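Structural overview
Given next are the chains, with one letter for each unit.
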There are 2 protein chains.
Amino acid sequence: MWSGISASLLATALLFASPRPGLSLPSSLHSASPRSNYDQCVTSNGTSPYGFNPPLYKESHRPQIHFSPSTNFMNDPNGLVYSNGSWHLFYQYNPTDPYAGNQHWGHAISKDLYHWENLPMALAPETATEGIFSGSAIVDRDNTSGLFTEDQPADQRIVTIYTLNNKTSEEQHIAYTLDGGVTFQKYPGAVLSIGSSQFRDPKVFWDKTTESWVMATAHAQDFEVVFYSSKDLKDWTELSRFSQHGILGYQYECPDLFEVPIKGGSKDGQKAWVLGLSINPGAPLGGSMVQYFPGDWDGKTFTPWDGAVRFADFSKDFYAFQTWSGSPDGKTYGIAWASNWQYTNVVPTQPYRSIQSLPREIYLEAYKTNPMFEDYVLSQAPASLETIKGETLYQSGECSSQNKTIELVGDGAFDVQVTFSLPPNVTATYQTIGSLNFKAGGNKDQSITTGVQFGDPTFVYIDRSKTGSFASSNPFMTDKTSGILRYSNSNPITKGVPTPIQGESLVTLRAIIDRSVLEVFGNDGQLTGTSVFFFDDDQIPKTLDISIGDDKIKIKNVEVVALKSTWPECP
Amino acid sequence: MWSGISASLLATALLFASPRPGLSLPSSLHSASPRSNYDQCVTSNGTSPYGFNPPLYKESHRPQIHFSPSTNFMNDPNGLVYSNGSWHLFYQYNPTDPYAGNQHWGHAISKDLYHWENLPMALAPETATEGIFSGSAIVDRDNTSGLFTEDQPADQRIVTIYTLNNKTSEEQHIAYTLDGGVTFQKYPGAVLSIGSSQFRDPKVFWDKTTESWVMATAHAQDFEVVFYSSKDLKDWTELSRFSQHGILGYQYECPDLFEVPIKGGSKDGQKAWVLGLSINPGAPLGGSMVQYFPGDWDGKTFTPWDGAVRFADFSKDFYAFQTWSGSPDGKTYGIAWASNWQYTNVVPTQPYRSIQSLPREIYLEAYKTNPMFEDYVLSQAPASLETIKGETLYQSGECSSQNKTIELVGDGAFDVQVTFSLPPNVTATYQTIGSLNFKAGGNKDQSITTGVQFGDPTFVYIDRSKTGSFASSNPFMTDKTSGILRYSNSNPITKGVPTPIQGESLVTLRAIIDRSVLEVFGNDGQLTGTSVFFFDDDQIPKTLDISIGDDKIKIKNVEVVALKSTWPECP
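This structure is a prediction, so every number in the text was calculated from the model and none was measured.

Counting its secondary structure elements, chain A contains two helices and 36 strands. For chain A, restricting intrachain contacts to residue pairs at least 6 apart in sequence, the fraction spanning at least 24 positions comes to 63%. For chain A, the accessible surface area stands at approximately 17,800 Å², while carbon and sulfur atoms represent 48% of it.

Here's what the structure looks like:
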């Protein structure tokens, strides 16, 4: 789907939006026709080849390692599929305005999940009342669909499955590529239609046990995830429903049933199924969120392990999470839209709005929630940053209680990893806090902070209250978010099943900041938080203060690495 | 229980606390022995009869219609029972320090749920390592326990059921009164012990179908609510368990299974069972929260109607919700602790810390969550304010798009009801907001805002970001919270099952502000939010601005009533 605002409310949503006065796009960018990647290169000398000032991709708010559209509005990641050595990222896209509406599928590909090459628009509506809403993609290696000829290499037979939205209905359609994933042909007519206006977001995977395609899709306003089966991607039969679980909010969106490796605990080395499910609005933090349910899949029915609901991210800007189909090496990778429908249409970025989260490698990890309960939680770590690592700005293995200040020299994107240590038999208080404070340049005091408050459990928090006028003025820009995390002690074998009181207690906080987004990973991803923010006056992060609230805590294993912009310079 | 911080962490929690430097209490208040109500009366001339400056109950942060302890620290409401025409409020209380620890049961009674008379300490630990943790109370009308003689009137036979916590165990104990509810005798030994250190918060009710007492209690760190049955309150047998449902957080606390009337929908006029369940920490907003599950109770097992989890309050200061046993007239009343363990021990009030929420009349109401889904939600309205209503400061039935400013003259507590109206066929935008901004006196710009942003659904929000230095500096004092609410149209018959698009769309926002707490009720309680806040410089709410973000919205049916302080003047 395109939003979380139902089809019938599209007109309303458009009026909600706030285009920035004075924004004038080149006429070529107003076109909904397929676009080349001409607009992606970046001038290095401060001039713009396309009339934008600042030049495209050089804007102060523009993240340098997160994907964003050149111009206009993007939301959900769609059609994530790995094919022929490339990661495909399709995405909900309005090519004509910097707010939601006129939904297309934009398209980019990458070899490393960070450097993205824009491709032509993959799917566009046929009429003004249509929308190409969210969905997924798979590689139809065995040509089960009959849509391919023998000319197409098996690993390039991409089929996209998407929702066609119009004023009165939502139905599932497919499209396919005959040129290895650049252009897509629509298969005529719906492959699945049930006469509903709230039926969307098909996510398809290959079920090995039944040798069938399985689609998870949302009966959005009935709060049901419905599973369908097909042998050919065209003829679908209902299998089962997963109804009214977890947090309902206003509606369910973007279900994704995926398999992940398990690390630790009694199931170490096995695989598990996880149902990810987005809701919007009505999240506890307001607006949009992703919840998930670990469980079993028997080829027909998803059975969650328990009646509990868990959260994919503790902060407010992580929605429509989807995993890549066909990730190599048995790993699972996913990405989410790093925004929130409560404010996405009015955030002060231009000429684009919204970004995707960092790509994350995900797995289910044994985790002792409290001294008595062993759980499995979705652990998420950033996909390898090797290809974008720049200069190491600071590195230290020492353990001290000295605060540190580090100048952030680079493109505005930085990877910071700090391990805070509490010696054995030390009792934490409210002041036992270790924090990373990213300060803007300029004359104003603007900053964003993440930190850990030691205890059992420890809190990991993000505070964006002092990030400028948008944070101050928007009534939904919730400032302080937090999640709980248990200690990791210094023995790596017990990571995930910590024994906090004995021995040195360690918490590793990894913060990847990228101009207007902060993603925080506690203990290698056992807990993650994603928050966007918008400094005033064209400022970007310039200084990092690493501080401790009391001298019980020590700072050790500090590493600050500049990350290189992934946008290409113009030839 | 007393907290959400387990017994074994009591020592840690004490160290977490931050007593205010320079606070010196009269030695009589340091005593853990039963106290009279000598300290409750209020001087009218600014002098203190007990050496406090400002006098007790006159402090700038002290709510005037919400219950708070004279001094030191209070948390969960306990033992809520209606007996002999009085409402009893017991509460977790540390009589020796202004932070959690040394847990006793404080005690107050009321005829109207607002004017409270302090009674002697009801239950105190026998040793320094014991804690009298949370629990409940019932009237043992038929003397099933055998603890009463015929001298005691049937409706005065109160038995309290509580957790005795010590370093290595938590077990359930009972106590009873022989003087109509003033002093309590401990029944010797545990009535229920399972050798666990995480077994607490017994809530007992009379089950008519089995003619037994039923106890709901928490296996806190196993995430189980366990039900037990007894004929005499002394001998308990396990019935069933409700395991791993909803949001887990770090641990379950304070389960309460209660019966409520149903209003509207296909079950109109029937009754339903609701399981309320607190978790701390690990709430989505950080720290503490109350979730609930509507369902069926067959005398042995609680079966929720679905796998969903719902929230009792959209904001951050509503915990340990409990209902009164024996409420008259078939109604259900409850109250919660209006604070959050993430910051309760450091909030800038003195010489007391924390308050109870407003008493609320609760029921289950048919509610159309979206155009397709009919739900039943816990609706909560403040218990009748008739006995504390003061001057009407503003009243208007007119409908206008003029902003209004109203001077808040009185004791610092005000009941504001405003209906915002959207005419037929008008489409809301991001600016279609109606808001109530409560401004402090003094030279600084300090205020707290609640508002509605029209849409389908409408958002109701609270913004406490501009309430002063505590909000600015505490990393867990989350500022902006919101929930969703659907329109109520002008036909009262369809309230709760609104048809928003046709006809005039109405949202009624009721805000009860009381010096340092704001409770918001959307559409008569279909959605509620509770937020504490702390103005600097001894300021209290002085001015109310009622504003609209665009002129599509109209302001109508405004009523602003001053509420009279419920603390008695000294004789």
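The structure having been displayed, the exposition proceeds.
Turning next to the sheet that holds strand β12 (residues 237–243) of chain B. Residue and element names in this part refer to chain B. In space, the four strands of this open sheet follow the order β9-β10-β11-β12, with antiparallel pairing throughout. In this open sheet, the two strands that pair with only one neighbour each are β9 (199–207) and β12. Averaged over all adjacent pairs, the angle separating strand axes in this sheet is 25°, with direction ignored.

Turning our attention to the interface of chain B and chain A. Counting from both sides, the interface comprises 66 residues of chain B and, opposite them, 66 residues of chain A. Here chain B packs against chain A, burying approximately 5,500 Å² in sum over the two surfaces, 63% of which is carbon and sulfur. Where chain B touches chain A, the interface holds zero salt bridges. Counting the contacts that link chain B with chain A gives 27 residue pairs in polar contact (both at pLDDT 80 or more). Put simply, the parts of the chain that give the side of chain B that touches chain A at least two residues each are α1 (10–16), β13 (245–247), β18 (307–311), β22 (360–370), β23 (373–382), β29 (458–463), α2 (469–473) and β30 (480–485) of chain B. By residue number, the principal contributor to the side of chain B that touches chain A is β18(B), which donates five residues. One ladder, built from three bridges, connects strand β18 (residues 307–311) of chain A with β13(B); its direction is parallel. In the strand pairing of β13(B), A:Ala308 is matched with B:Gly246.

For the pair chain B and chain A, the relating rotation is 180°, the translation along its axis is 0.0 Å, and the fit reaches an RMSD of 0.0 Å. What the superposition gives is, in effect, a two-fold axis relating one chain to the other. Interface overlap between copies: 100% of the residues of chain B at the interface are likewise at the interface in chain A, consistent with a symmetric, same-surface contact.

Geometry of an aromatic ring pair is reported as the spacing of the ring centres plus the angle between the planes. Considering all chains together, one arrives at 68 aromatic pairs over all chains under this definition. Counting every residue linked through ring pairs, the aromatic cluster contains A:Tyr57, A:Phe67, A:Tyr91, A:Tyr93, A:Trp116 and A:Trp567. If you follow A:Arg62 out to its NZ or CZ, it ends over the ring of A:Tyr352, 4.0 Å from the centre. It is B:Lys263 that lies over the ring of B:Tyr363; its NZ or CZ is 3.7 Å from the centre.

Let us now look at the sheet that holds strand β9 (residues 199–207) of chain A. Residues and elements named next belong to chain A. Read across the open sheet, the four strands follow the order β9-β10-β11-β12; overall the sheet is antiparallel. Lying at the two open borders of the sheet, with one neighbouring strand each, are β9 and β12 (237–243). The sheet shows a mean angle of 25° between the axes of neighbouring strands, taken without regard to direction. Sheet topology places β9 next to strand β10 (residues 212–219); seven bridges connect them, and they run antiparallel. Each residue of the ladder has a partner; that of Trp206, found in β10, is Trp213.

Taken as a whole, this structure holds 38 salt bridges over all chains when the rule is applied. When the shortest N-O distance is used, the salt bridge between A:Glu170 and A:Arg200 registers 3.1 Å. Of this pair, A:Glu170 sits in strand β7 (residues 170–176) while A:Arg200 sits in strand β9, and the two are 30 residues apart along the sequence. Here A:Glu170 and A:Arg200 have matching classes, each one buried. Put simply, B:Lys389 and B:Glu386 hold a salt bridge, and the shortest N to O gap is 3.5 Å. Look at B:Glu386 and you get exposed, because its relative accessible area is 53%. Sharing partners across several salt bridges, the network here consists of A:Glu170, A:Arg200 and A:Glu253.

Regular strands have side chains that alternate between both faces of the sheet. Residue and element names in this part refer to chain A. Burial analysis of strand β15 (residues 271–279) places eight of its nine residues in the buried class, the great majority of the element. Sheet analysis places strand β14 (residues 252–263) next to β15, joined by eight bridges and oriented antiparallel. Its bridge partner being in β15, Val260 is matched across the sheet by Ala272. Of the pairings in the sheet, the one linking β15 to strand β16 (residues 289–297) comprises seven bridges and is antiparallel in character. Within the sheet, the bridge partner assigned to Gly276 lies in β16 and is Tyr292.

To continue, consider the pairing of strand β2 (residues 86–94) of chain B. All names here are of chain B. Within β2, nine of the nine residues are buried, leaving the element largely enclosed by the surrounding structure. Side-chain alternation along β2 places Ser86, His88, Phe90, Gln92 and Asn94 on one buried face and Trp87, Leu89, Tyr91 and Tyr93 on a second face that is also buried. Looking at chain direction, strand β1 (residues 72–83) and β2 are connected through seven bridges and run antiparallel. Paired with Asn78 across the bridge in β2 is Phe90. Between β1 and β2, which pair antiparallel and follow one another directly, the connecting turn spans two residues, one of which, Asn84, has a positive phi of 55°. For β2 and strand β3 (residues 104–110), the ladder comprises seven bridges, and the chain directions are antiparallel. Considered in β3, the bridge of Phe90 is made with His107.

Let us look at the domain arrangement of chain A. Residues and elements named next belong to chain A. In terms of domains, chain A is made up of domain 1 (7–366) and domain 2 (385–563). Between domain 1 and domain 2, the residue contacts involve 34 residues of the former and 40 residues of the latter. Here domain 1 and domain 2 share an interface that buries about 3,000 Å² over both sides, 59% of which is from carbon and sulfur atoms. Of all residues in domain 1, Ser60, Ile65 and Phe314 bury the most surface against domain 2, accounting for 23% of the area lost on that side.

Below, the discussion takes up the side chain of B:Thr458. Position of B:Thr458 relative to the elements: it lies in strand β29. Within polar-contact distance, the side chain of B:Thr458 engages the backbone oxygen of B:Gly455 at 3.1 Å.

Our focus in this paragraph is the confidence of the model for chain A. Residue and element names in this part refer to chain A. For chain A, the average pLDDT comes to 90, and 88% of its residues sit at 70 or higher. When the criterion is pLDDT under 50, residues 1–38 qualifies, and its contacts beyond four places in sequence or with other chains add up to 110 contacts. Segment residues 490–501: pLDDT under 50, and 26 contacts once partners within four positions in sequence are set aside and those in other chains are kept.

The biggest cluster of nonpolar side chains holds 54 residues, and the ones touching the most others in it are A:Phe420, A:Leu436, A:Phe438, A:Leu518, A:Leu544 and A:Ile546. Examining the composition of this core, we find that five residues originate from one element, strand β26 (residues 413–422) of chain A, more than from any other. For this core, the domains that each give at least three residues are domain 1 (7–366) and domain 2 (385–563) of chain A. Among all residues touching A:Leu436, those that are not within four sequence positions of it are A:Val416, A:Val418, A:Phe420, A:Ile448, A:Thr449, A:Thr450, A:Leu509, A:Ala511, A:Leu544, A:Asp545 and A:Ile546. The next biggest cluster of nonpolar side chains, apart from the first, holds 53 residues, and it includes B:Val290, B:Leu378, B:Ile546 and B:Val558.

Residue A:Asn53 is joined to A:Pro54 through a cis peptide bond whose omega torsion reads 0°. Mapped onto the elements, A:Pro54 comes out in the loop between α1 (10–16) and β1 (72–83). Between A:Gln350 and the following residue, A:Pro351, the backbone shows a cis peptide bond with an omega angle of 0°. As for its placement among the helices and strands, A:Pro351 is situated in the loop between β20 (332–337) and β21 (352–353). The phi angle at A:Ala320 is positive, at roughly 55°, despite the residue not being glycine. Relative to the helices and strands, A:Ala320 is located in strand β19 (residues 319–323). Here the phi dihedral of B:Arg515 falls at roughly 60°; this positive angle occurs in a residue that is not glycine.

On to the environment of B:Gln380, then. Residues and elements named next belong to chain B. Within the element layout of this structure, Gln380 appears in strand β23. Relative accessible area serves as the criterion here: at 1%, Gln380 is assigned to the buried category. The sequence separation of Gln380 and Ala471 amounts to 91 residues, and the corresponding C-alpha distance is 27 Å. Each residue touching Gln380, except ones within four places of it in the same chain, is listed here: Ala312, Phe318, Arg360, Glu361, Ile362, Phe521, Asp524, Gly525 and Thr528. At 2.6 Å, the side chain of Gln380 and the backbone oxygen of Ala312 are in polar contact. A distance of 2.8 Å separates the side chain of Gln380 from the side chain of Arg360, its partner in a polar contact.

Procedures and definitions
Residues numbered from 1 in each chain as written. Chains lettered and ligands numbered in written order. Predicted model: local features only at pLDDT ≥ 70, side-chain atom pairs only at ≥ 80, totals over all residues. Heavy atoms only, no water. Helix = DSSP H or I, 4+ residues; strand = E, 2+ residues; numbered from the N terminus. Contact = heavy atoms within 4.5 Å. Areas by Shrake-Rupley, 256 points an atom, 1.4 Å probe, with all protein chains shown as cover. Pairing = 2+ DSSP bridges. Axes fitted to C-alpha atoms, helices over the stretch in contact; angles between N-to-C directions. Buried area = accessible area lost by both parts, 1.4 Å probe. Salt bridge = Lys/Arg side-chain N within 4 Å of Asp/Glu carboxyl O. Polar contact = N/O pair within 3.5 Å; in protein donor to acceptor, adjacent residues only side chain to side chain. Least-squares fit on C-alpha atoms with pLDDT ≥ 70 in both. Phe/Tyr/Trp six-rings, centres within 6.5 Å; stacked < 30°, edge-to-face > 60°. Lys NZ or Arg CZ within 6 Å of the ring centre and 35° of its normal. Buried < 20%, exposed > 50% of the residue type's maximum accessible area, 1.4 Å probe, protein only. Domains from an automatic or database assignment. pLDDT = per-residue confidence, 0-100. Core = buried A, V, L, I, M, F, W, Y, C linked by side-chain atoms within 4.5 Å.

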